[in-house]
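Fold and geometry: a report
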Amino acid sequence: MQGHLDSATQEEPQAAQSRERTVASLEAEIRRLNAGLAALEREKADVEAFAALAAHELLVPLVLADAYATNVSDRLDEEHHAESRQDLDALRRAGARARLLIEALLQDARSNGRELQRRPIDLNLLLDECLTLLAPEIDARGTHLQVAELPEVSGQEPMISSLFTNLLLNALKYGPRERGTILVDANRDAAGWRFIVQSQGPTIPVADRERIFEPYHRGRGERRARGAGLGLTLCRQIVERHGGRIGVTATVGGENLVCFTLPA
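Here's what I pulled together on the structure shown here. (Residues numbered from 1 in each chain as written. Predicted model: local features only at pLDDT ≥ 70, side-chain atom pairs only at ≥ 80, totals over all residues. Heavy atoms only, no water.)

**Focus on the packing of aromatic side chains**
Basically, it comes down to this: Working definition: rings of Phe, Tyr and Trp (its six-membered ring) pair if their centres are within 6.5 Å, and the pair is stacked with planes under 30 degrees apart, edge-to-face with planes over 60 apart, and tilted otherwise. To qualify as a helix, a DSSP run of H or I must reach at least 4 residues; to qualify as a strand, a run of E must reach at least 2; elements of each kind are numbered from the N terminus. Buried means the residue's accessible area, taken with a 1.4 Å probe over protein chains only, is under 20% of the maximum for its type, while exposed means over 50%, and partly exposed covers the values in between.
For the structure shown, the criterion picks out three aromatic pairs. Between Phe-164 and Phe-260, the ring centres sit 5.6 Å apart and the planes meet at 75 degrees, which makes this aromatic pair edge-to-face. Of this pair, Phe-164 sits in helix H5 (residues 157-173) while Phe-260 is found in strand S7 (residues 256-262), placing the two residues 96 residues apart along the sequence. Classification of Phe-164 as buried rests on a relative accessible area of 1%. Taking the relative accessible area as the measure of exposure, Phe-260 reaches 1% and is therefore buried. Note on Phe-195 and Phe-260: the rings are 5.1 Å apart at their centroids and 15 degrees apart in plane angle, and the pair reads as stacked. Of this pair, Phe-195 sits in strand S5 (residues 192-199) while Phe-260 sits in strand S7, and the two are 65 residues apart along the sequence. Using a relative accessible area of 1% as the deciding quantity, one classes Phe-195 as buried. Taken together, the ring pairs connect Phe-164, Phe-195 and Phe-260 into an aromatic cluster.

**Section: the nonpolar core**
Rules: Working definition of a nonpolar core: buried Ala, Val, Leu, Ile, Met, Phe, Trp, Tyr and Cys residues. They are joined through side-chain atoms within 4.5 Å. The contact definition used throughout considers only heavy atoms, calling two residues in contact when any of these lie within 4.5 Å.
Residues Leu-123, Phe-164, Leu-167, Phe-195 and Phe-260 are the most contacted members of the largest nonpolar core, which totals 38 residues. Put simply, the parts of the chain that give this core at least two residues each are helix H3 (123-133), H5, strand S4 (181-189), S5, helix H6 (231-241), strand S6 (246-250) and S7. Once residues lying within four places of it in the same chain are set aside, the contact partners of Phe-195 are Leu-123, Pro-151, Val-153, Phe-164, Asp-185, Ala-186, Val-258, Cys-259, Phe-260 and Leu-262.

**Concerning the packing of H5 against H6**
Geometrically, a packed helix pair is captured by the angle between its two axes and the distance between the axes. How we decide: Helix axes are fitted only over the stretch in contact, all axes being lines through C-alpha atoms; the angle between N-to-C directions runs from 0 to 180 degrees. Crossing handedness is defined as follows: a turn of the near helix away from the far one that is anticlockwise and smaller than a right angle gives a left-handed crossing, while the clockwise case is right-handed.
Running from amino to carboxyl end, H5 crosses H6 at an angle of 145 degrees, the nearest separation of the two axes being 9 Å. H6 is crossed by H5, and the crossing has left-handed handedness. Here Met-159, Ile-160, Ser-162, Leu-163, Asn-166, Leu-167 and Asn-170 of H5 come into contact with H6, specifically with Gly-231, Leu-232, Leu-234, Cys-235, Ile-238 and Val-239.

**Examining the sheet that holds S4**
Sheet strands pair via backbone hydrogen bonds, and the direction of the pair is either parallel or antiparallel. What counts, and what does not: We call two strands paired when DSSP finds no fewer than two bridges between them.
Taken together, the five strands give an open sheet; going across it, the order is S2-S4-S5-S7-S6, and neighbouring strands pair in mixed fashion. Both outer strands of the open sheet, strand S2 (144-147) and S6, are each paired with one neighbouring strand and no more. On average, adjacent strands in this sheet sit at an angle of 20 degrees to one another, irrespective of strand direction. Pairing geometry for S6 and S7, over five bridges, is antiparallel. By the bridge assignment, Ile-246 is partnered in S7 with Phe-260.

No statement about biological role is implied by the geometric values presented.
Set out below in structure tokens:
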């Protein structure tokens, strides 16, 4: 009996030391995690500050462009410069749309991952506005648009507008130089709506079908396309922010097919 007591007496300090080491290890891990959280909070604040500064810097030239367009439009003789006045009005509408998108993206960056402020969007009306904005590019290339009857979706309108505008502009830039065809269609599925933007032009290689959504990626051998290579990156961010997915494939005939989903 005495032997068992001696053994238990020896084990108690060892157990206590083990518990102390465990507690010390947990406390050190908690301090490490707290330090990491503090660093993330500082980084988040820096990102928000940069986003606000970037938004301000982007908005300034848009406001100035709108002011200059208004001044020029006011000086034009309406009888002899109706076409120029229309072009200036289109410029002002484009600037207004860009401001709405910048403000929406800034608001979303500040939302800290909270749910988007959604509202019903009539995609037929929205696409009409996108096509009006892109009309000069469409007319210059003689591109034919086939647009099916589109549904109503739930989302943040400036972002969804930017999504369709960028996808159509990408199809125009990388499509045939003249007389190409772009198809826009939608079908209902279990997750909501599945959309396609089908365009002609060089088929995107399988190896590049994921990389084209990366920032600054440009199509192989494509010299005439303008832009910074961020359009499809923004499209992916918008689709995923709305809970959807986006990808690219090709039809049997080799036409490029961008597919994405949005909630109903």
